[in-house]
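Analysis of the macromolecular model
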Amino acid sequence: RMVRRIYVEKKPALRHEAGALLGELRTLLGISALTGLRLVNRYDVEGLDEDVFQRAVKTVFSEPQVDDAGTALPEGDYTVFAVEYLPGQFDQRADSAAQCIRLMSRGERPEIRTAEVYLLYGNLTDDEFGVIKKYVINPVEAREAALGVPETLRISHPEPAPIETLDGFTSMEDGGAAAFIEKYSLAMDCADVLFCRDYF
């Protein structure tokens, strides 16, 4: 089960989204050193054999009439960063691609992770690069993504620690509520704690 990667970009005449963002960064943020910008969709796929993957490149990940697809980023002198959804955020593009491939191959649903890759042209300072990243990445739903290919797309979750049993809570004196709140850093007041005690 290896991870395969494909990069997909609109053909030059159709790069309207990249052109609009370039205009915003140059006018709204005043970064005149930014001379060009390209937007590339990145797909990492695990759980597909080579034949199905190659079919998916032309039918699911890209439309040959409007997209250019390749296994590497284009050659050139640019600064690059990638943005991916935070774990737990729904990735519509990845979910749709996985469903389409499952229908196409009549096999198992593959693991897919997507990212948007930004190629920035021009002699940018580190500060300007940081300002652009801050403008593009919404920290509520996304984060900067690593540029390397991961070994696996499966996320391993650490085993949760056992849940502590609270001895003596139901027999706690009224005066002990403040200390209880302090000990467990609770966002409650004493009346809330005593209400819970009385309930149980």
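First, a word on scope: everything that follows refers to the structure included in this document. Computed from a predicted model, the values in this text were never measured in an experiment. By convention here, each chain's residues receive numbers from 1 onward along its written sequence. Reporting in this predicted model follows two pLDDT cut-offs: at least 70 for local features of residues, and 80 or more for side-chain atom pairs to be given and counted; totals over whole chains, interfaces and linings ignore these cut-offs and use all residues. Hydrogens and waters are ignored; side-chain quantities use all the structure's heavy atoms.

1. What to know about the packing of helix 1 (residues 16-27) against helix 4 (residues 126-136)
Axes, fitted as lines to C-alpha atoms, cover a helix only where it is in contact. Angles between the N-to-C directions of the axes lie from 0 to 180 degrees. The way it works is that DSSP assigns letters per residue, a run of H or I at least four long becomes a helix, a run of E at least two long becomes a strand, and they are numbered from the N terminus. The N-to-C vectors of helix 1 and helix 4 enclose an angle of 125 degrees; their axes lie 11 Å apart at closest approach. The angle between the axes of helix 1 and helix 4 places the two elements in the oblique class. Crossing angle aside, the handedness with which helix 1 passes helix 4 is right-handed. Packed against helix 1, whose contacting residues are Leu21, Glu24 and Leu25, the element helix 4 presents Ile132, Tyr135 and Val136 at the interface. Amino acids are sorted into nonpolar (Ala, Val, Leu, Ile, Met, Phe, Trp, Tyr, Cys and Pro), charged (Asp, Glu, Lys and Arg) and polar (every other residue, Gly among them). The residue inventory of the contact of helix 1 with helix 4, partitioned by class, reads 5 nonpolar, no polar and 1 charged. Note on terminology: angles under 35 degrees are roughly parallel, angles over 145 are roughly antiparallel, angles of 65 to 115 are roughly perpendicular, and the others are oblique. By convention the crossing between two helices is left-handed if the near helix lies anticlockwise of the far one by an angle smaller than a right angle, and right-handed if it lies clockwise. Contact definition: two residues touch when any of their heavy atoms are within 4.5 Å.

2. Brief notes about the sheet that holds strand 2 (residues 36-46)
The criterion for strand pairing is that DSSP finds at least two bridges linking the strands in question. The strand order across the open sheet formed by 6 strands is 3-1-2-5-4-6, and the pairing between neighbours is antiparallel. The open sheet has two free edges, formed respectively by strand 3 (67-70) and strand 6 (142-145), since each of these has just one partner strand. Neighbour-to-neighbour, the strand axes of this sheet turn through a mean angle of 30 degrees, independent of strand direction. Note: strand 1 (residues 3-10) against strand 2, 6 bridges, orientation antiparallel. When the bridges of strand 2 are listed, Arg5 appears paired with Asp44. Most of the contacts of helix 1 go to strand 2, to which it runs at about 125 degrees, and overall it touches strand 2 and strand 5 (111-121). Each of strand 4 (79-85), strand 5 and strand 6 touches helix 4; the most contacted strand, strand 4, lies at about 25 degrees to it.

3. Section: helix 1
By this rule, a helix spans an expected 1.5 Å times one less than how many residues it contains. For helix 1, with 12 residues, the first-to-last C-alpha span of 16 Å sits near the 16 Å given by 1.5 Å per residue. Accessibility here uses a 1.4 Å probe with only protein chains present; expressed as a share of the type maximum, an area under 20% marks a residue as buried, one over 50% as exposed, and anything in between as partly exposed. Taken residue by residue, helix 1 has Ala18, Leu21, Leu22 and Leu25 as its buried positions. Down the axis of helix 1, the buried side of the element spans an arc of 105 degrees, and every buried residue falls inside it. Exposed residues on helix 1 whose side chains face more than 90 degrees from its buried face are His16 and Thr27. Where helix 1 is buried, its residues contact strand 2, strand 5 and helix 4. Within this analysis, the arc is defined by the directions that extend from the helix axis to the C-beta atoms.

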